[in-house]
Each structure stands twice: as structure tokens, then as C-alpha cells.
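# Geometric and topological summary
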Amino acid sequence: MSETRIYLDNAATTRISDNVFEAMLPWLKEGYGNASSLYSLGRKSAIALNKARSLCADVLGCESREIFFTSGGTESDNTAVFSAAKAGLSAGKRHIITSAAEHHAILKPLEQLEKEGFRITRLPVHENGIVRPDDLEAALTDETALVTVMTANNEVGTVQPFEELAGICRSRNVVFHTDAVQAFGNLRINVREQNVDMLSLSGHKIHAQKGVGLLYVRDGLPFYPLLSGGAQQGGKRAGTENIAGIVGLAEAMRYAAENVDTKNARLLPLRERLFNEIGRLAGVRINGDRERRLACNANFSFAGHEGENLVLQLDLRGIAVSSGSACASGSLDPSHVLTAMGLTHDEARSSIRVSMSEYTTSEDIDEFIKAIRTLIN
Ligand SMILES: *Cc1c(COP(=O)(O)O)cnc(C)c1O
């Protein structure tokens with residue numbers, strides 16, 4: 001196997017940063033106590049857990065008691081959907097609104113609820129990948145139990161008008177959840193100011209560990225746990241807490257929120273260089289809105305090429321990118337996000353996603369552009 005020298009697949013996962021690693025280490029070694037234990041080793045873990053929770057709450061603009069740690073973005077999304085559905089059922093509401101471009105961690109639970117009798121509205125994302133607030137207004141009914149629309153998309157990086165969508169939901173008294181797994185660290189998030197009722201985050205997309213994440217649930221919102229069996233986290237999420245992972249997540253969130261502007265200022269010109277240099281090659285199309293997207297994301301289709309093949313050819317040159325989303329690769333189905341934006345199956349299958357992080361350098365981008373030019377000529 002060739003060695004990966006240039007990592008441009010940060011929307012799939014990120015490396016653990018040094019500051020996160022350092023923060024985690026003591027809790028992987030000597031600080032192994034169970035946070036529910038009464039003796040000092042356990043109490044130390046409980047203190048670390050509380051500190052991490054309060055740091056996460058500060059970063060998101062909420063209270064500690066509104067934060068639940070989970071095993072990642074998937075669990076947070078599933079919990080939000082099933083909890084809101086249960087609350088809806090007990091209020092006689094069986095309608096849920098989402099978008100056609102959500103992550104499967106939202107879409108699959110909704111398919112299950114659909115089989116159980118819920119009506120699901122999937123808002124179109126149009127050719128630019130963005131939901132229109134008017135479409136949401138038109139879809140809302142008195143039966144609507146939940147609106148779940150992601151903050152930013154994992155494949156094309158398009159940023160949804162989530163504040164506006166959240167505002168509409170708040171004024172109609174409908175629960176609004178947003179999957180901010182890709183957005184956090186790239187956009188400013190404040191759940192109170194932005195009228196968000198529930199929000200999902202994942203550690204490994206922001207330089208913390210895989211297998212840890214959180215769900216913010218606004219105070220007063222009816223909440224039904226996904227997991228039961230222990231009294232941890234106020235009975236809202238059973239299971240012994242992953243202290244090292246949680247401490248790392250809090251450190252990753254602190255760092256990401258503090259550095260969002262400097263990171264974007266550095267990555268935006270790199271993204272524009274990608275658009276300018278690759279976008280003007282024959283047969284190339286830029287997928288997703290050109291402006292209203294994360295600074296770290298570029299997505300292209302290369303007419304007449306297979307995305308998967310380009311990924312493998314780039315890998316031989318030590319460059320890691322992805323075709324479609326990592327979760328969807330391995331299957332022959334084209335990306336549901338790209339087809340929802342009106343791409344044909346061939347166009348969708350010829351796509352490549354480039355996703356950068358603060359470790360991405362200008363030289364990485366130069367080398368990627370050079371390699372792509374060679375491959376498609
Ligand atoms: C990665 C991702 C998830 C899933 O998060 P995990 O921590 O890998 O379970 C959910 N939503 C979006 C938008 C993602 O990018």
C-alpha cells in the first residue's frame with residue numbers, strides 16, 4: 001500500500017489533534033475511575049466529566065444540564081429523531097419534516113418511523129443543495145412533531161439557512177433539530193441565539209476521538225432516552241461515560257470554536273483556488289452552491305470518469321479524497337445528496353469530495369490539483 005501523504009478527506013474523519021490527545025491521556029491511564037463510584041478515583045472522573053460538560057455548554061451557549069454525551073453523531077441523530085417522534089405520538093402528532101440531503105443517521109430512522117405510520121416530508125434541496133424557508137413554511141402542519149434539517153451538508157458542504165428555519169419552527173412552536181456534525185468548527189453555533197431545540201455533534205469530525213459525540217436538548221423539551229439501563233447523565237443516556245473521549249471532545253470544541261475565523265480565513269482562498277483551477281477544466285462541474293458552503297469543502301463531477309477510480313488513482317499518488325460519502329461508498333448507488341440536487345446517476349458517480357482541515361496546506365492543494373490534471377487528461 002502506498003502511504004497517504006496528503007489527507008483531504010476530513011469530512012469522513014479527522015486526526016486527533018495534539019491538544020486533544022494531551023487532554024485525554026491522563027484519563028486513559030491513571031484516571032480510569034468510574035464516574036459513578038463514590039471513592040476518590042471515581043469522584044475525580046466525575047469532576048472531569050462535569051468540567052467537560054460545562055465547557056461544551058459554554059461553547060454552545062446553553063446550560064450543562066442540556067448536554068448529553070453519546071457514542072457519536074449517529075446516536076445523537078437517532079436519539080433526537082426517536083425522542084421527538086415519541087413526544088409527537090403522545091401529543092397526537094405524526095408528521096416529521098426533513099430534507100432530502102440529510103445524513104443516513106437521520107434518513108434511516110425516519111424510514112423506520114414512516115413504516116410505523118408517521119408521515120415524512122422530505123424538503124427539496126434544489127440544484128444548489130439548499131432548502132428554501134418558503135418550502136418549510138408550506139410543509140408545516142398542526143400535526144408536525146419535528147423538523148430536522150442539517151446545519152451543513154457532509155458531501156457538498158452547503159450551509160442551510162438553519163437560523164431562519166429554526167426561527168420559523170420556534171414561531172410555530174414546532175421542535176427543531178439540526179445535525180451540526182459537519183458545521184461545528186466551521187460556522188458559529190449558539191443554540192440559544194439560533195433558536196435550536198436539539199443539536200447533534202460528533203468528536204471525530206473535529207479532531208477528537210471516534211465513538212464520542214453529544215446531543216444538546218433544550219430545557220423543558222420532552223425527552224425519551226434511546227438507551228436505558230443505568231442512571232448516568234440524569235437517566236437520559238445510560239452507560240458508563242467515556243471520560244477520556246468526553247474530555248477530548250470538550251477540548252476539541254473549545255479549540256474549534258476559538259479558531260473558527262482564522263481557520264476559515266486560511267481555507268477559503270484554498271477552496272477558491274480549487275474552484276478556479278479545477279472548475280475550468282473541460283467536463284468538470286462544481287457541485288453545490290459556490291458561495292453558501294463551508295470553506296473546507298469542494299465537490300466536483302468529472303464527466304466520463306468514475307469517482308471511485310479517481311479515488312484509487314489519487315491514492316496511488318498518496319492523496320486521500322472520497323467519492324460520494326464514506327458511508328455510501330462500497331455500494332453502487334450514487335449519492336442521494338447529489339441526485340437530490342438534480343445530478344444524473346452518471347454525474348453523481350463521477351464526483352469527488354475534497355474536504356480540508358486546519359492541517360491542510362497550500363502545498364497539499366497544489367499537489368492535488370496537479371494530480372487531478374494529469375488523471376483527467
Ligand atoms: C459523520 C456524520 C454523522 C455520523 O457521525 P458518527 O460520529 O460517525 O456516528 C452524522 N451526520 C453527519 C452530517 C456526518 O457528517
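Heads up: these notes are all about the structure in this document. These numbers were taken from a predicted model, which means no experiment stands behind them.

Thresholds, definitions, all that
Residues numbered from 1 in each chain as written. Predicted model: local features only at pLDDT ≥ 70, side-chain atom pairs only at ≥ 80, totals over all residues. Heavy atoms only, no water. Helix = DSSP H or I, 4+ residues; strand = E, 2+ residues; numbered from the N terminus. Rg over C-alpha atoms; globule rule 2.2 N^0.38 Å. Contact = heavy atoms within 4.5 Å. Pairing = 2+ DSSP bridges. Axes fitted to C-alpha atoms, helices over the stretch in contact; angles between N-to-C directions. 1 Å grid on protein atoms, 1.4 Å probe; cavity = no way out; pocket = protein on both sides within 12 Å on 5 of 7 lines; lining within 4 Å. Points joined across faces, edges and corners; volume = space filled by probe spheres on them. Near = heavy atom within 4 Å. Polar contact = N/O pair within 3.5 Å; in protein donor to acceptor, adjacent residues only side chain to side chain. Areas by Shrake-Rupley, 256 points an atom, 1.4 Å probe, with all protein chains shown as cover. Buried < 20%, exposed > 50% of the residue type's maximum accessible area, 1.4 Å probe, protein only. Lys, Arg positive; Asp, Glu negative; His and termini not counted. Salt bridge = Lys/Arg side-chain N within 4 Å of Asp/Glu carboxyl O. Core = buried A, V, L, I, M, F, W, Y, C linked by side-chain atoms within 4.5 Å. Domains from an automatic or database assignment.

## A word on the overall build of the protein chain
Helices and strands together make up the secondary structure of the protein chain, namely twelve helices and twelve strands. Here the C-alpha atoms of the protein chain give a radius of gyration of 21 Å, agreeing with the 21 Å that 2.2 N^0.38 yields for 377 residues. Each principal axis of the C-alpha atoms in the protein chain carries an extent, and together these give about 65 × 55 × 35 Å. Of the contacts formed within the protein chain by residues at least 6 apart in sequence, a portion of 73% connects residues at least 24 apart.

## Looking at the sheet that holds strand 7 (residues 198–202)
With mixed pairing, seven strands are arranged side by side in an open sheet as 2-8-7-6-5-3-4. At either margin of the open sheet sits one strand with a lone partner, and together these are strand 2 (67–70) and strand 4 (119–123). Taking each pair of neighbouring strands and ignoring which way they run, the sheet shows an average axis angle of 20°. Inspection of the sheet shows strand 3 (residues 95–99) paired to strand 4 by five bridges, in the parallel sense. Bridged to Ile96 within strand 4 is Ile120.

## What about empty space enclosed by the protein?
Under the counting rule described, the total for this entry stands at three cavities of 30 Å³ or more. There is about 270 Å³ of room inside the largest cavity. Asn186, Lys205, Ile206, His207 and Lys263 are, among the 27 residues lining the largest cavity, the residues nearest its centre. Looking at the lining of the largest cavity, the elements with two or more residues in it are helix 1 (18–28), helix 7 (243–258) and helix 8 (260–279).

## Remarks on the site of the ligand
For the ligand, the set of nearby residues contains 13 residues, the closest of which are Thr74, Asp179, Gln182, Ser202 and Lys205. Residue Thr74 places a side-chain N or O atom 2.6 Å away from an oxygen atom belonging to the ligand. With respect to the ligand, the side chain of Gln182 contributes an N or O atom lying 2.7 Å from an oxygen atom. Coverage of the ligand by the protein amounts to 88% of the 380 Å² it exposes when considered alone.

## Overview of the side chain of Glu241
Within the secondary structure layout, Glu241 lies in the loop between strand 8 (213–217) and helix 7. Of the buried charged residues, Glu241 lacks a salt bridge, with Arg53 as the closest side chain of opposite charge at 5.1 Å. Non-local contacts of Glu241, meaning those with residues more than four positions away in its chain, are made with Ala35, Leu49, Gln232, Gln233 and Ile246.

## Here's the deal with the nonpolar core
Judged by nonpolar contacts, the single largest core of 90 residues is most densely connected at Leu60, Met253, Leu274, Ile278 and Phe368. Formed jointly, this core draws a minimum of three residues from each of two domains, domain 1 (6–16 + 260–376) and domain 2 (18–258). Each residue touching Phe368, except ones within four places of it in the same chain, is listed here: Leu8, Leu274, Ile278, Leu314, Ile319, Val321 and Val354. Grouped together as the second largest cluster of nonpolar side chains are 19 residues, Ile106, Leu110, Leu146 and Val217 included.

## Digging into the side chain of Ser357
Among the structural elements, Ser357 can be located in the loop between strand 12 (351–355) and helix 12 (362–376). At 3.0 Å, the side chain of Ser357 forms a polar contact with the backbone nitrogen of Tyr359. The contact partners of Ser357, leaving out residues within four places of it in the chain, are Asn10, His207, Arg266 and Leu267.

## Some points on the environment of Leu49
Among the structural elements, Leu49 can be located in helix 2 (residues 40–60). As a C-alpha pair, Leu49 and Ile246 span 197 residues in sequence and 7.1 Å in three-dimensional space.

## Remarks on the pairing of strand 2
Burial of the side chains of strand 2 extends over both faces: Ile67 and Phe69 are buried on one face and Phe68 and Thr70 on the other. Of the pairings in the sheet, the one linking strand 2 to strand 8 comprises four bridges and is antiparallel in character. When the bridges of strand 8 are listed, Phe69 appears paired with Leu214.

## Observations regarding the sheet that holds strand 10 (residues 297–302)
Sheet architecture is open: three strands sit in the order 9-10-12, paired in antiparallel fashion. Only two strands of the sheet have a single partner each, and these edge strands are strand 9 (284–286) and strand 12. Strand-to-strand twist in this sheet, taken as the mean axis angle between neighbours without regard to direction, amounts to 25°. The sheet contact formed by strand 10 and strand 12 spans five bridges and is antiparallel. Considered in strand 12, the bridge of Asn297 is made with Ser355. Contacts from helix 8 reach strand 9, strand 10 and strand 12, with the element oriented near 10° to strand 10.

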